[in-house]
Amino acid sequence: MTLPFLLFFACALVALLGAVLLIVAREPIHSALSLILVMVSLAVLYLLLGAPFVAAVQILVYAGAIMVLFVFVIMLLNAGEEERTDWSKIAKYVGWPLGVVVVLGGMHLLFHSEPGAAVANSAVNPPPPADTVALSNLLFRNYLFPFEATSILILIAILGALVLARKDE
Amino acid sequence: MSVVPVSYYLALSAFLFGLGVIAFVFKRNIITIFMAIELMLNAVNLAFVAFARAHSQLDGLVFVFFVIVVAAAEAAVGLAIVLALAHTRQSLNVDRVNLLKF
């Protein structure tokens, strides 16, 4: 057991724990806090994978901006304990099987498809390509058009949020 | 230098995605359902970064960047819809929003 393994298992455990807590928590604010736990541990895993820029964006945008938005809305609406409804039939009979099928199917796709198997069988990983300069070159040269398209998407999202949240006259 | 096999990350990603699906189906609060979607997006991001690492290519990281941007836009619009819904229905329970249900 080397240090990266220990770090990986610790973070994976925390992430899975946070995801389970998200499901079992009855208060939305508890779900939000456990989701922040998942995101922070995923950021540590990104660092371990040699992607410091993505880890920083994960903390700043995901755990920072997006989750603050969630927590803000939860507090604004004073969202209390979730009502425990009579389990809808779909959740009861399809929910767990669907989750298990998705996990098994994802595993199958990841490990038995050709590219997935090639990755899973690669015992020794090449050194991480993590280089923020190279990443920015890629983003602003090869992917310039998608980048500009996302800026328009953000603009539309801002307008949509404004229109939706506006009080009716 | 990390020696953790990439397959470990992919397995963790699959488990997180499955938990996200379970949360999406089981939760009744519309805000928590949104959080389940965010959890699934995070799981996919982890798979992207793991594959980028495995192939020593940076394109996967660019895709993670785009996924995060789209998630931010989706959260902004979605939470605005939640606000509008809460004002008209006085409830966050998706079972109460059944006007279109057959």
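Residues numbered from 1 in each chain as written. Chains lettered and ligands numbered in written order. Predicted model: local features only at pLDDT ≥ 70, side-chain atom pairs only at ≥ 80, totals over all residues.

### Re the overall build of chain B
Link 1 in the chain: The number of helices and strands found in chain B is 3 helices and 0 strands.
Link 2 in the chain: Put simply, chain B runs from its N terminus to its C terminus through helices and strands in the order α-α-α.
Link 3 in the chain: In terms of C-alpha radius of gyration, chain B reaches 17 Å, well past the compact-globule figure of 13 Å for 102 residues.
Link 4 in the chain: Expressed along its principal axes, the backbone C-alpha trace of chain B runs to roughly 55 × 25 × 25 Å.
Link 5 in the chain: Among the 102 residues that make up chain B, the fraction classed as buried is 58%. (Helix = DSSP H or I, 4+ residues; strand = E, 2+ residues; numbered from the N terminus. Rg over C-alpha atoms; globule rule 2.2 N^0.38 Å. Buried ≥ 20, exposed ≤ 12 C-beta atoms within 10 Å, placed from the backbone.)

### Section: the interface of chain A and chain B
Link 1 in the chain: Chain A puts 73 residues into the contact, and the matching count from chain B is 64 residues.
Link 2 in the chain: Among the elements of the structure, helix H1 (3-24), helix H2 (28-48), helix H3 (52-76), helix H4 (89-112), helix H5 (114-121), helix H6 (132-142) and helix H7 (144-165) of chain A are those that each provide at least two residues to the side of chain A that touches chain B.
Link 3 in the chain: When residues in the side of chain A that touches chain B are grouped by element, the largest group, 12 residues, is from H4(A).
Link 4 in the chain: Within the side of chain A that touches chain B, the residues separate by chemical class into 60 nonpolar, 11 polar and 2 charged. (Contact = placed C-beta atoms within 7 Å. Nonpolar A, V, L, I, M, F, W, Y, C, P; charged D, E, K, R; others polar.)

### Quick notes on the domain arrangement of chain A
Link 1 in the chain: When the domains of chain A are assigned, the result is domain 1 (1-82), domain 2 (89-121) and domain 3 (131-169).
Link 2 in the chain: For domain 1 of chain A and domain 3 of chain A, the distance between their C-alpha centres works out to 23 Å. (Domains from an automatic or database assignment.)

### Regarding helix H2 (residues 30-55) of chain B
Residue and element names in this part refer to chain B.
Link 1 in the chain: Between its terminal C-alpha atoms H2 stretches 38 Å, which fits the 38 Å expected from 26 residues at 1.5 Å a residue.
Link 2 in the chain: In terms of burial, H2 is largely enclosed, as 21 of its 26 residues are buried.
Link 3 in the chain: Looking at the residues trailing H2, positive phi occurs at Ser 56, about 55 degrees. (Expected span 1.5 Å × (residues − 1).)

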